[in-house]
Amino acid sequence: MIKLKDILKESKVSYLTEAFKSKLLRKFSMSNRGSLDRDLYSYLATQGLEASKIEDSQITKQSRLPGKGVSIAVTGKKVTLYAKGNRYWESNLEIDKGTIVCVFKDGKALWYTRSWRSKDIQVKNPTAYGSEDMKTFGLNKYGWQSPNSVKKIDGIQFYKISMDEDLPYMGAKEIRKLRIDIKSGSWKWRTDNDFKSENERRYKDAITNLYDDPAKVKKVIKKTKDYANKLITGLVGGKPNAVSYSIMKGKKMDPKDESDVMRALSDITTAMVKFYEQVDYYKSDLERDKQDKERYPDNKYMGKNAAERGKKLGEMSNQITSGAFARIW
C-alpha cells in the first residue's frame, strides 16, 4: 500500500550522488568548477524531465546552440574568458576543457533565484524584479551568460536534451503537479493520521457556535467528515476498505499506482476544502438571517439565507459521499 508520506516528500537525495543512467550527466554533475547541481534537476522536474532516466544515447552533441530543448554549453578545449565591462572586481578566467559555462532552454539562458519563503528555485527573466540575486547554471560568469556570448567561445559544444512529451524520461510534470495540487489546494498533511486530525479540527470548528443550527446540517457535516476519513485511511493508511475500493474501482484507478492515488487524494482534499468553505459561509448566513429578522420582522422573505446554504451543503455532501468529489470546485 502506498504511504502518503512517500508520495508527498520531496527528494532529499542529492543529484550529485544519484546513479544517473547517463555517464555524461554524472560527469557534468561532479564537484568541479561549473558543474551542474541539484537546483537544475529540480527545476527540470517541474518541466516534466526526469533526469535520472536519461541515457547517453538520448543526449546529442552539437556545435550550434539548439533552439529547442535543454542545452548544456561545455568547453571543448582549454580557453580564457575575458572580463567584460568596467567592473573592477572582474578578471579574466582560464577554464579547462569540459567546463560547463551555461545551461539554456529553448535557446535562452536559464536565470534562477530562490524565494526567501521556499527552497524551490524560481526561473525568471533576468530583467525581472530582484534580478540582482539571480544567477545562471554552470560558471555563472558575468558577461558569459547570454546566448550570443557563449556561442562565441572558441570550441564551445552544446549537449542537447530534447523535451518532446513522448520521450521515456518525460513524465515528472504530471506527478509534480499532483504533488503541488495536494499541498497548495488543500491542507498540508503527510499521513492519513495528519489528514484525519486536520479533518476533525475543521469539523469541530464547523459546528462550534452555530446557534440555531438545524440538526440535519450538523449530521450532514459529520457524515461528510467521517466519509473523508475512511477514504483516506483506505487509500494511504494501509487499511483498504469498502469506501476506498469503491472509489478506485468506479474511477478505473489502480490503488497501487502512485499517480492514480495522488489524483484521488487531490480530488477528495480539494472537495473537503470547498465543503468547509461553504460551512463557513453558512455561519455568516445564520448571523445575517438573525440580523435581518430583527431588522425586518414583518418581511417573510428575510432570514432564508442559511436555509439555502444548508441545502447546498446537503448537495455537496451527497456528491462527496457518493464518490463524485471530483466535480466539486
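Before any of the text, the structure's been laid out above.
Residues numbered from 1 in each chain as written. Predicted model: local features only at pLDDT ≥ 70, side-chain atom pairs only at ≥ 80, totals over all residues. Heavy atoms only, no water.

### Some thoughts on the nonpolar core
- Ranked by size, the top nonpolar core spans 34 residues in total, and within it Ile221, Leu231, Phe275, Tyr276, Ile320 and Phe325 carry the most contacts.
- Breaking this core down by element, the ones donating at least two residues are helix H6 (192-207), helix H7 (215-236), helix H8 (242-250), helix H9 (258-295) and helix H10 (305-321).
- Looking at this core element by element, the count peaks at eleven residues for H9.
- Once residues within four sequence positions are removed from consideration, Ile320 is found in contact with Thr224, Tyr227, Ile268, Ala271, Met272, Phe275, Phe325 and Ile328.
- In this structure, Leu25, Ile59, Val70 and Ile100 belong to the second largest nonpolar core, which totals 26 residues. (Core = buried A, V, L, I, M, F, W, Y, C linked by side-chain atoms within 4.5 Å. Buried < 20%, exposed > 50% of the residue type's maximum accessible area, 1.4 Å probe, protein only. Helix = DSSP H or I, 4+ residues; strand = E, 2+ residues; numbered from the N terminus. Contact = heavy atoms within 4.5 Å.)

### Re the sheet that holds strand S7 (residues 111-114)
- Overall, antiparallel pairing links the three strands, which are arranged S8-S7-S9 in an open sheet. What marks the edges here is a single partner per strand, and that holds for strand S8 (121-124) and strand S9 (135-136).
- Pairing of S7 with S9 involves two bridges; the strand directions are antiparallel. Among the inter-strand pairings, Trp111 is bridged to a residue of S9, identified as Thr136. (Pairing = 2+ DSSP bridges.)

### As for the packing of aromatic side chains
- For the structure shown, the criterion picks out five aromatic pairs.
- Pairing Phe28 with Tyr159 gives two aromatic rings, centres 5.2 Å apart and planes at 70°, and the pair type is edge-to-face. Residue Phe28 is located in helix H2 (residues 23-28), and its partner Tyr159 is located in strand S10 (residues 156-161); the two are separated by 131 residues in the primary sequence. Accessibility assignment for this pair places Phe28 and Tyr159 in one class, buried.
- Relative to Phe158, the ring of Phe104 has its centre 6.4 Å away and its plane inclined at 65°; by these criteria the two rings are edge-to-face. Residue Phe104 is located in strand S5 (residues 100-105), and its partner Phe158 is located in strand S10; the two are separated by 54 residues in the primary sequence. Of the two residues examined, Phe104 and Phe158, each falls in the buried class. (Phe/Tyr/Trp six-rings, centres within 6.5 Å; stacked < 30°, edge-to-face > 60°.)

### Quick notes on the sheet that holds strand S1 (residues 59-62)
- Strand order in the open sheet formed by five strands is S1-S10-S2-S5-S6, with antiparallel pairing between adjacent strands. One side of each edge strand has no neighbouring strand; the edge strands of this open sheet are S1 and strand S6 (108-109).
- Sheet topology places S5 next to S6; two bridges connect them, and they run antiparallel. Bridging from a neighbouring strand, Lys105 pairs with Lys108 of S6.

### A few points about the environment of Lys230
- Position of Lys230 among the secondary structure elements: in helix H7.
- Classification of Lys230 as partly exposed rests on a relative accessible area of 49%.
- Taking the C-alpha atoms as reference, Lys230 lies 7.6 Å from Asn241; in sequence the two are eleven residues apart.
- Leaving out residues up to four positions away in the same chain, Lys230 has contacts with Asn241 and Val243.

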